[in-house]
Each structure stands twice: as structure tokens, then as C-alpha cells.
Amino acid sequence: DIQMTQSPSSLSASVGDRVTITCRASQNIGSYLNWYQQKPGRVPKLLIYTASTLPSGVPSRFSGRTSGTDFTLIISSLQPEDFATYYCQQGYNSPYTFGQGTKLEIK
Amino acid sequence: QVQLQESGPGLVKPSETLSLTCTVSGDSVSSYTWSWIRQPAGKGLEWIGRFYTGGRPDYSPSLRGRVTMSVDTSKNQVSLNLTSVTAADTAVYYCVRYTDYGYNWFDPWGQGTLVTVSS
């Protein structure tokens with residue numbers, strides 16, 4: 001199985017901050033990397049697919065970057081509604097695996 | 001717009017079979033591939049498997065042998081059966097569309113249904 005390792009596991013930040021969350025794959029997965037946002041008590045929501053593509057309706061302050069097997073989710077200016085847990089997920093090989101999640105909290 | 005709604009017993013006894021149904025609205029269930037994903041309370045997401053009409057199912061190795069997925073095109077539903085459950089199977093179970101355009105992702109997600117395994 002492909003292991004997905006996120007860092008940090010938790011993060012405190014303030015509104016307006018630039019936030020970076022990293023996800024490392026245990027092997028090459030190309031751009032088969034997706035990000036999901038899950039707010040407390042809510043359903044996970046697709047945030048970014050194919051490493052850097054935003055679905056319709058996702059604010060442009062979210063972006064995704066790739067460097068080899070390292071993937072980065074960037075929030076350019078944190079908004080109150082962005083406090084949530086973020087998961088990466090590889091779609092390169094079955095079984096499709098998720099990172100352990102990064103909980104983004106208000107400082 | 002596709003909408004998914006899971007249903008099934010919220011409580012299952014150990015060693016019994018967990019059976020869930022996902023009703024799909026807004027599109028034909030035979031047009032897509034479907035997955036189930038689960039999430040124990042306070043923990044991360046675990047992919048269970050995927051299935052599409054007329055296709056070969058693909059299950060997570062960690063659950064293979066206990067899991068079966070199927071599609072009922074007459075009811076536009078997707079089903080999940082998980083046998084010999086234990087407390088470790090207690091989780092919120094999500095029905096999700098597996099979107100595959102070469103690259104793939106999970107979207108949309110159902111609201112999820114909590115299943116507790118307890119006697």
C-alpha cells in the first residue's frame with residue numbers, strides 16, 4: 001500500500017495567516033493526489049484534485065503544489081471558515097489511501 | 001446534481017453482518033463507480049472499496065473476505081455488506097462517487113451514517 005504522511009498533525013494559525021500543509025507519498029504517484037476539507041461534524045469535501053486543480057466553488061486562496069513525492073496545500077490568507085481538518089489522498093493505486101489528517105485550529 | 005443518502009441499522013451486534021444502502025438521486029447509479037469510505041470517531045478516513053455495474057469489485061486488502069459491494073439499478077442504490085463485525089468496525093460510513101477521468105477523486109459524499117458495533 002502507498003503510505004501518505006501529512007505534516008503537521010495539527011496547526012494553530014490566525015485569520016489572515018498563510019498556511020502550508022504537506023503530504024508525502026511513500027512512492028511516486030504523479031499528480032494522483034487529492035485534498036479534502038472536513039469541518040467539525042461535517043462531511044469531507046473535495047478541495048483540490050490532481051494535485052492543483054480547484055473544483056468549482058472552491059475559493060482561490062486555496063492552492064496545491066507538487067515537488068516529487070511531496071505535495072503542499074497552501075491557504076494564502078486564512079479565513080474563519082477554513083478552520084477544519086484537511087486530508088490528502090492518493091488515487092494512483094488501489095487501495096486508495098489517505099493521510100492521517102491535519103487539524104487547523106484558531107490561534 | 002448527484003446526491004447520496006446512506007441508510008441502515010445504527011447498531012449491529014458483534015459477529016453479525018453490517019448492511020448499508022446508499023440511494024443515489026440526480027443520476028443513474030449505472031453511470032458511475034461507487035465507493036464506501038469509513039471514519040471511526042475522531043480518526044481518519046479509510047477506503048473500503050469500489051464497485052460499478054458490470055465491473056469487477058475492488059476491495060481494500062484489510063477488509064477483503066468480509067466486504068461485498070453491489071449495485072441495484074432498479075432502485076438506483078449501492079449496497080455495502082461487511083460480515084463478522086467487531087467493535088473496530090464502529091464508524092461513520094460514507095457512500096461516495098468515485099470519479100474517474102484517468103485521474104480520480106471522491107466526490108460527492110453522502111451525509112454518512114454512524115454504525116456502532118455493540119452487544
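Reading the values: rules and limits
- Residues numbered from 1 in each chain as written.
- Chains lettered and ligands numbered in written order.
- Predicted model: local features only at pLDDT ≥ 70, side-chain atom pairs only at ≥ 80, totals over all residues.
- Heavy atoms only, no water.
- Pairing = 2+ DSSP bridges.
- Helix = DSSP H or I, 4+ residues; strand = E, 2+ residues; numbered from the N terminus.
- Axes fitted to C-alpha atoms, helices over the stretch in contact; angles between N-to-C directions.
- Buried < 20%, exposed > 50% of the residue type's maximum accessible area, 1.4 Å probe, protein only.
- Contact = heavy atoms within 4.5 Å.
- Polar contact = N/O pair within 3.5 Å; in protein donor to acceptor, adjacent residues only side chain to side chain.

Help me out: how do you make sense of the sheet that holds strand E3 (residues 18-25) of chain B in this one?
Strand pairing within a sheet occurs via backbone hydrogen bonds; the two strands may be parallel or antiparallel. All names here are of chain B. Read from one edge of the open sheet, four strands run E1-E3-E8-E7, paired in antiparallel fashion. Two strands close off the open sheet at either side, each with one partner strand: strand E1 (3-7) and strand E7 (67-72). With strand direction ignored, the average angle separating the axes of adjacent strands in the sheet is 20°.

How do you make sense of the environment of Glu46 of chain B when you look at a structure like this?
In this structure, Glu46 of chain B sits in strand E5 (residues 46-52). For Glu46 of chain B, a relative accessible area of 25% corresponds to the partly exposed category. Along the sequence, Glu46 of chain B and Ser62 of chain B sit 16 residues apart, while their C-alpha atoms lie 10 Å from each other. If we skip the residues at most four places from it in the chain, Glu46 of chain B touches Phe98 of chain A together with Trp36, Ile37, Arg38, Ser62 and Leu63 of chain B. Polar side-chain contacts of Glu46 of chain B include one of 2.7 Å to the side chain of Arg38 of chain B. Only 3.3 Å separates the side chain of Glu46 of chain B from the side chain of Ser62 of chain B, close enough to count as a polar contact.

Got a minute to help me understand the side chain of Gln89 of chain A in this structure?
Assignment of secondary structure puts Gln89 of chain A in strand E8 (residues 85-90). Here the side chain of Gln89 of chain A touches Tyr36 of chain A through a polar contact of 2.8 Å, side chain to side chain. The contact partners of Gln89 of chain A, leaving out residues within four places of it in the chain, are Tyr32, Leu33, Asn34, Tyr36, Tyr96, Thr97 and Phe98 of chain A together with Asn104 and Phe106 of chain B.

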